[in-house]
Each structure stands twice: as C-alpha cells, then as structure tokens.
Amino acid sequence: MATVHQTQPTVQLLLSTSEFVGALDLIATTQEVLQQELQGIHSFRHLGSQLCELEKLIDKMMIAEFSAYARSDLNRPFEEDCHILEEERLVSVVFGLLKQRKLNFFEIYGDEMIITAKNIIKQCVVSTVSQIEEIDTEVVVKLADQMRMMNFPQWFDLLKNIFSKFTIFLKRIKATLNIIRSVVLLVLDKNQRTRELEETSVQKNPAKDNAVDTEVAYLTHEGMFISDAFGEGDFQSVAVDTTSQRNTSPNSEPCSSDSASEPECTTDSSSSKEQMPSSVIPGGIEIMISEDMKLTDLELEKLANNIQELLYSASDICHDRSVKFLMARAKDGFLEKLNSNEFVALSRLMEGFILDTEQICGRRSMSLRGALQSQANRFVNRFHEERKTKLSLLLDNERWKQADVPAEFQDLVDSVSEGKIILPEKKAGAAEERKPTDVLIVEEQKYAVVGTVLLLIKIILEYCQCVDNIPSITTDMLTRLSDLLKYFNSRSCQLVLGAGALQVVGLKTITTKNLALSSRCLQLIVHYIPIIRAHFEARLQPKQFSMLRHFDHITKDYHDHIAEISAKLVAIMDSLFDKLLSKYEVKAPVPSACFRNICKQMAKMHEAIYDLLPEEQTQMLFLRINASYKLHLKRQLAHLNVVNDGGPQNGLVTADVAFYTGNLQALRGLKNLDLNMAEIWDQKR
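The name an unreviewed UniProt entry assigns to the protein chain is Vacuolar protein sorting-associated protein 54, from the organism Chelonoidis abingdonii. Looking at the protein chain in UniProt, the text filed under Sequence similarities (unreviewed entry) is "Belongs to the VPS54 family." Quoted verbatim from the Subunit (unreviewed entry) heading of the UniProt record, the comment on the protein chain is "Component of the Golgi-associated retrograde protein (GARP) complex, also called VFT (VPS fifty-three) complex, composed of VPS51, VPS52, VPS53 and VPS54. EIPR1 interacts with GARP complex and mediates its recruitment to the trans-Golgi network. Interacts with VPS51 in an EIPR1-independent manner."

A. Unusual backbone geometry, seen in detail. The omega torsion across Ala 588 and Pro 589 is -5°, close enough to zero to call that bond cis. Here Pro 589 is to be found in the loop between helix 23 (549–581) and helix 24 (593–610). With an omega of -5°, the peptide bond running from Val 590 to Pro 591 counts as cis. Residue placement: Pro 591 occurs in the loop between helix 23 and helix 24.

B. Here's a closer look at the environment of Arg 364. Along the chain, Arg 364 turns up in the loop between helix 15 (340–361) and helix 16 (366–396). Among the residues examined, Arg 364 registers a relative accessible area of 49% and is labelled partly exposed. Along the sequence, Arg 364 and Asp 316 sit 48 residues apart, while their C-alpha atoms lie 8.7 Å from each other. Ignoring anything within four residues of it in the chain, the contact list for Arg 364 reads Glu 358 and Arg 369.

C. How the structure looks around the pattern of salt bridges. The full count for this structure, using the stated rule, is 21 salt bridges. Across the salt bridge formed by Arg 363 and Glu 309, the nearest N and O atoms sit 3.7 Å from each other. In this pair, Arg 363 sits in the loop between helix 15 and helix 16 while Glu 309 sits in helix 14 (residues 297–330), placing the two residues 54 residues apart along the sequence. Between Arg 434 and Asp 411 there is a salt bridge; the shortest N-O distance is 2.9 Å. One end of the pair, Arg 434, is in the loop between helix 18 (430–433) and strand 1 (440–442); the other, Asp 411, is in helix 17 (residues 407–417), with 23 residues separating them in the sequence. A single network of salt bridges, built from pairs that share partners, joins Glu 351, Glu 358, Arg 364 and Arg 369.

D. Main features of the packing of helix 20 (residues 474–497) against helix 22 (residues 512–537). Between helix 20 and helix 22, the shortest axis-to-axis distance is 11 Å and the interhelical angle comes to 170°. In terms of orientation, helix 20 and helix 22 fall into the roughly antiparallel class. Taken together, the residues of helix 22 that come into contact with helix 20 (itself represented by Thr 474, Met 477, Leu 478, Leu 481, Leu 485, Phe 488, Asn 489, Ser 492, Val 496 and Leu 497) are Asn 514, Leu 515, Ser 518, Leu 522, Ile 525, Ile 532 and Phe 536. Its residues assigned to classes, the contact of helix 20 with helix 22 shows 12 nonpolar, five polar and no charged.

E. Looking closely at the confidence of the model for the protein chain. Summary statistics for the protein chain give a mean pLDDT of 79 and a share of 75% for residues scoring 70 or more. Considering only residues more than four positions removed or in separate chains, one finds that residues 207–291, a stretch of pLDDT under 50, has 140 contacts.

F. View of the packing of aromatic side chains. A full pass over the atoms with the stated rule returns 16 aromatic pairs. Where Trp 155 meets Phe 325, the ring centres are 5.8 Å apart and the plane angle is 0°; that geometry is what we call stacked. Note that Trp 155 is positioned in helix 8 (residues 152–201) and Phe 325 in helix 14, a separation of 170 residues in sequence. Trp 155 gets classed as buried once you look at its relative accessible area, which sits at 0%. Ring-pair connections join several aromatic residues into one group, and the members of that group are Phe 152, Trp 155, Phe 156, Phe 325 and Phe 334. It is Arg 387 that lies over the ring of Phe 383; its NZ or CZ is 3.6 Å from the centre.

About the thresholds
Residues numbered from 1 in each chain as written. Predicted model: local features only at pLDDT ≥ 70, side-chain atom pairs only at ≥ 80, totals over all residues. Heavy atoms only, no water. UniProt positions renumbered as here; feature names shortened; annotations may be inferred. Helix = DSSP H or I, 4+ residues; strand = E, 2+ residues; numbered from the N terminus. Buried < 20%, exposed > 50% of the residue type's maximum accessible area, 1.4 Å probe, protein only. Contact = heavy atoms within 4.5 Å. Salt bridge = Lys/Arg side-chain N within 4 Å of Asp/Glu carboxyl O. Axes fitted to C-alpha atoms, helices over the stretch in contact; angles between N-to-C directions. Parallel < 35°, antiparallel > 145°, perpendicular 65-115°, else oblique. Nonpolar A, V, L, I, M, F, W, Y, C, P; charged D, E, K, R; others polar. pLDDT = per-residue confidence, 0-100. Phe/Tyr/Trp six-rings, centres within 6.5 Å; stacked < 30°, edge-to-face > 60°. Lys NZ or Arg CZ within 6 Å of the ring centre and 35° of its normal.

Structure, rendered in structure tokens:
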C-alpha cells in the first residue's frame, strides 16, 4: 500500500525528465496491483480512475513533446551539421507513442516538414533581397515582386542557396526518420522473437528459457532501453541501414533514464517481481511487455512503410516548393528570355539538385523534373525560332555570290574534322592576324560558299552543343534541327532554282555561277549530315533511334536538289543548242559562226563553274552538256540530210566538229574528256 501510495509522485518525477515509458509502465503495474492485490481498499477507490486520467494526460504530453521535437529538429540553423538532435529524447517519446498505439504520430512530423519548407524559401528570399540595394522593400512589399526584380545572376544565386538548404533539410529528415524507423523495426523484431520463444517453450523446459532469452526491448519502468538489453551487434543487425548515422560506441545509448536509480521505482519493481516466480521473470516480463505494446506485426510493418513514405514525401515537398518558386519567377517570361549559357547553367543546377534528392531519399520526384522539362521545351522553341528567323533573314538578303571565309570559320570546320562538335572559343587577336580565304577547306576538299551557309554551319553546331549541355532536350533538338535543315533546302531552292532572289534581293538574273554556288553549299551541308547524325545517335536511347530517319530523308532531299541544279545547268545549254543548231547550215567558211558561238558559250559556262565545283563534277557536267549538244547536232544533220559519206558537206561538218572538240578539250580539266563525236552520225546503213 505504501508503494502504491507513492505511484503518483513517482509518475510526476518520471514525467519531469520525459521518462514517458517508465511512467506508463508504473501506471500499468499499479493498476494491476490495485486489481489483483489491493482490490476493495477504500482509500484507493479513486486511484484507478485518476491513473487513467494521468495516462491520457501523458498521451497528450507525448504528442506535444514529439511536436516540439519535430519543430526544433527541422528549424535548426543550417550551419549545423546533419547529426541527430537529442537522440535519447526522440527514442524515448517514440517508444511511449508506440506503447500507447498513437501510430499516426509521424503525420505531425510531415506537417512540420511542409511548414519548414515554405519558411526556408521565404527566409532565403528575404536574406537575398536585403543585400540588393536596387530593391526598395518599402515600395515593393510583396516577396514575389521583390524576387522578380532580381537579375539572372542574383536570382540564380538565390536558387542555388535554396537548393543547398533543401539538401541539408532532407539529410536531417532522413537521419531522424531512420532513428524512428529503427525503433519500430526493433519492436517488430522483439515481437517476432517473443513469438518464437512462445512456440519453443512448449517443447522445451521452461527453466531453460531464463538462460536463452535475456534480451528485452524495454524492462518495465527501470529505465533499460534497447541498446542496454540488446547486444550492440544485435542492435545493428536489426536495422543496419537506419543506424549507420548513430554513434555505435559501447557507451552509446539511444536513451537513458535517471529514474532507474529512484527508490520508488526500485520498490515498485520489486513488488512487481513478487507477483511471479523468479524462474519466469525474464520470459514473463517479455511476454507481458509484448502484450502491453498490443501492436501486431502488420501494424508495425505498415508504420515502418509509412515512415519510409514520409521520406519520399519530404523529397516531393522540396520539389513542389521549388517548382512554385520557379513558376513565380517565370510569370513575366523571364526564364524564356534566358540566353543559352544562362539556361544551361540553370538546367545543370536543377539536374544536380534532382540527383542529390534522389540519392538522399531513394526515389525520383517528378514535379521539378517536369517543370525543368517544360521550361526546356519553351527554351527549345525560342532557341529554334530565333535561329530559324535569323536564317530566314540571311537567306532573304543573300545575293548568292562567293563569300570570303574568315579564319574563325576555317577554325570551326577544322575543329569538327578533329571530332570536336563544339564551338571553339575565339582566340584573342589570332583571327585578326589571318586574312580571309577564298574557299573553305574541309578535309582537303575546297568549298566555294556564300555567307549564309557559313553561319548555318555555326548554327548547326549550336544545336549540337545545346544537346550536350542539356541531354533531356535531345529528341526535341533533333526535330528542330531537321526542320532548320529542311527550311534551308526548300528556301534556297525557291530563291535560286525558283528565281525568288530576283524579287527578294533584286538580282537581274539567276546566273550559272549562282546555281553552281548553291549546289556547292548544299554539298557542304550534305557532308556534315552524317557527322550530325552520329552526334545525336550517341545521345539517344536505342528506342529513339527511329528518329534518325529524319537525317536520311534530309540527305535524299539535298541530293535531289543538287541533281536538279545540275539538270538546270544542262538545260540552260540544251536550250542554247536548240536555238543555235536549229539554224545551223553546212557551208563555208569553217568554223561556222554557229560553232564559234557554241564554243564561246561553253567557255563562259566553264569559266563560271570551274572554280566553284570540283573537277570531277565539272567533267561530269560537261559530258552531259556534250551529250545534249550531240543530240541536237544529230537532229539538225538528219534534217539537212547530211550523212557521213566523206562528201563535201560531210567534210565541212567534220571541220566544225573538230573545232568544237578542240575548244572543249582546251578548257581546264577537260583535256581527257571522252566526247565520242561519232554519235552525231546516223548509224543506219
């Protein structure tokens, strides 16, 4: 009776040191004694109900204690490292909450996480704004408006600071939740051990159980906690992943209790022991505690999973708050106006934070990644539209004359030839010292080009470099670059072959020189298409390889265009032959005026294209022109009834043809051309 009388003061003493489990155990033991040994004692008739009220009070105190812990844990200064705040206090209150079946306590921590995440961003913005003199906080009151007044470097540093603090925030949450989860797993483990003992005790001598099982999760209210009862090795083996951040030295305990030395506790403990034979004390106590917890394996497993999910939620919260911060800044189109370097820096910062959170929390959060992709799509659209507009303006002002090649463009193509698909940095002073050249030399091939195509090569490399800097936009960039290449092909066709340049830039006529230059520019782009294709292929997933067919279609379109230009050059001469040879008469003197005129026009054509097209292309073109010439001459000879009979008329034609052949083969690169002039004569006998 004296011991029971001391229960309430002892409980108050235990609560003063936050020994919730000890207080609850003492109440449970006292209730048991009241019912079994002191039933009917008049002076104790209200004690039972008083102890019940006290137990309810302890429930509220534990929830308040856990709330206070969550606040202090999450709102610590970020200068501190990520160690566990008051680990013993945390373990004590979690055990108490489990004992009382308050299984939704983790939701308190979750609510506090949301509040803290909001405050982190607010504090970061306030801190940054206070350092920027240009922002008058008395005039611009709203934080969002203040933040929108920042330039990119200021805003970028602010975002970097937010991400840094969120990373520390998540590491702290992970460390705390690991401890809570380890407590739950240890109770679960004790449940399973208890069940195994109960099953084996039927087959074994109960006396042996005393020696077998000396490990208990919590020994009533004497203050022994997990790390006291479990061997250090067992403690680690139960939750290896969750205890790595804890101090595992022999003296380290998750919680300690000053009340273990209290005489009241000792007295009560001894009175408890008197209720059962000493031979069953360890086993008896363990079974009693197991029943006292009244938590099933399923409940404990679900709780452990919920705690793990809370860590995932923490990652989602940080990502969601970051998205709101981004969207607040994007309202005025700020992010869409970033240049390539700025967007790449932003993208890399966000990618880094996303990877950090995935590593900490073990799961991908999609909201920030989605926001980044959304901004990337907008960036790609603007990036492409800017360059397509630039290309359009260049083409509309292009006079299709051969351009000098500045040294920086030669350096550019040399860099690509070495396998570097990047825009080389400008060499200070070096480019100015080197004079421009007449042609662009690509892998020992000379390319006469117009100014537009030089800038197009540079634009193409900007697309390739952008894909390297922001891998997530590879497929979008591939589609846009395909569009750009198709646009150059179709627009240049309209301007040159379609003679659109006559109206657009006021050319008097589309010359053979214009046509040959256009062909050579197309050939230069065709040379680079396999290189561009390989660059993109290396950055695509295998399932995306089907997109590479765009390059095959573009290559075919370019080859078709080049063939059309060649056909146009032949057609120009074909029309000339038709006009001149239709009036050809076989008479002296020789060479005839008609053949003199033909040779003059052939020389003009040769002069126009020889320096623009490679020699083998010039030869192929003149073979086709020669075939057209032979066809028209043969037709006119048949019309005039001139045959290869060795007669006077035959001799005059032969002399004219010899003049033509001599003139043609005298042109540069055409000396060994097989003209096969015998074909002008009808082979009929």
